[in-house]
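Remarks on the overall topology
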Amino acid sequence: MMAPKSRNVHRVWIKHVWQVTVLNRGLGGTSVIGAYCKGQDSPVFRLCLTDKTLSLIRKDRETPQAELSLSSIRSCGSLKNFFYLEVGRSSVTGAGELWMETEDSNIAQNVHQTVF
């Protein structure tokens, strides 16, 4: 009997996860993020932070819709229950802003302080 082949699995350690709704403005309305499709409800994503990336994963999927390098983030901030990122042209999405809505202002502030 042969031993099963070991899989070379690359594990990514996610440090933080937040549930966000990507807004249909700026990069949120582009096909790269794919947040808005005809006939679908508001897109709910998991915003996942690792030591090198910030990923947007649709709540009903397991693979990232977009994976942003932390080095491509120019600025970020929060306003009420909204969190935004400004990314540069080296980002997979290209340059622009990505706006997300959280459940409340405390979560938006927490995302901002953690990512910043």
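The following refers to the structure shown. The shown structure was predicted, so the numbers you read here are calculated from the model rather than taken from an experiment.

Bridging between strand S1 (residues 16–26) and strand S2 (residues 44–49) involves 6 bridges; their strand directions are antiparallel. Looking at S2, one finds that Val17 is bridged to Cys48. Taken together, the 3 bridges between S1 and strand S7 (residues 96–101) define a ladder with antiparallel strand orientation. Note that in S7 the partner of Val22 across the bridge is Met100.

A separate point is the nonpolar core. By size, the foremost hydrophobic cluster in this structure holds 21 residues, and its most contacted members are Leu47, Leu56, Phe83, Leu85, Leu98, Met100 and Val115. For this core, the secondary structure elements donating two or more residues are S1, S2, strand S3 (53–58), strand S4 (66–69), strand S5 (73–79), strand S6 (82–87), S7 and helix H1 (105–115). Excluding anything up to four places from it in sequence, Leu56 contacts Val20, Val22, Ile33, Phe45, Arg46, Leu47, Pro64, Gln65, Ala66, Leu98 and Met100.

A separate point is the packing of aromatic side chains. Inspection of the entire model under this criterion finds 1 aromatic pair. Here the guanidinium or amino end of Arg25 rests over the ring plane of Trp99, the centre of that ring lying 4.5 Å away.

On to the pattern of salt bridges. Following the criterion strictly, the structure yields 1 salt bridge and no others. Measuring nitrogen to oxygen at the nearest pair gives 3.5 Å for the salt bridge that ties Glu86 to Arg74. Separated by 12 residues along the polypeptide, Glu86 in strand S6 and Arg74 in strand S5 bring together distant segments of the chain. A relative accessible area of 26% places Glu86 in the partly exposed class.

Mapped onto the fold, Leu70 is located in the loop between S4 and S5. On a C-alpha basis, the gap between Leu70 and Leu49 in space is 9.1 Å, while along the polypeptide they are 21 residues apart. Leave out the neighbours within four places in its chain, and Leu70 touches Leu49, Thr50, Asp51, Lys52, Thr53 and Leu54.

So, about the sheet that holds S2. Taken in spatial order, the 7 strands line up as S4-S3-S2-S1-S7-S6-S5 in an open sheet, and their pairing is antiparallel. Looking at the sheet topology across the chains shown, the edges are occupied by S4 and S5. Taken pair by pair, the neighbouring strands of this sheet meet at an average axis angle of 30°, ignoring direction. Its contacts with the sheet put H1 on S1, S2, S3, S5 and S6, and the angle it makes with S5 is roughly 155°.

Let us now look at the side chain of Ser72. Within the secondary structure layout, Ser72 lies in the loop between S4 and S5. The buried category is assigned to Ser72, whose relative accessible area is 4%. Discounting residues that sit within four places of it in the chain, Ser72 has contacts with Glu86, Val87, Gly88, Ser90 and Ser91.

Here we take up the environment of Leu98. On the secondary structure map, Leu98 appears in strand S7. On a C-alpha basis, the gap between Leu98 and Tyr84 in space is 5.5 Å, while along the polypeptide they are 14 residues apart. Ignoring any residue separated from it by four or fewer positions in sequence, one finds Leu98 in contact with Val22, Leu27, Gly28, Ile33, Leu56, Leu68, Phe83, Tyr84 and Leu85.

About the cut-offs
- Residues numbered from 1 in each chain as written.
- Predicted model: local features only at pLDDT ≥ 70, side-chain atom pairs only at ≥ 80, totals over all residues.
- Heavy atoms only, no water.
- Pairing = 2+ DSSP bridges.
- Helix = DSSP H or I, 4+ residues; strand = E, 2+ residues; numbered from the N terminus.
- Core = buried A, V, L, I, M, F, W, Y, C linked by side-chain atoms within 4.5 Å.
- Buried < 20%, exposed > 50% of the residue type's maximum accessible area, 1.4 Å probe, protein only.
- Contact = heavy atoms within 4.5 Å.
- Phe/Tyr/Trp six-rings, centres within 6.5 Å; stacked < 30°, edge-to-face > 60°.
- Lys NZ or Arg CZ within 6 Å of the ring centre and 35° of its normal.
- Salt bridge = Lys/Arg side-chain N within 4 Å of Asp/Glu carboxyl O.
- Axes fitted to C-alpha atoms, helices over the stretch in contact; angles between N-to-C directions.

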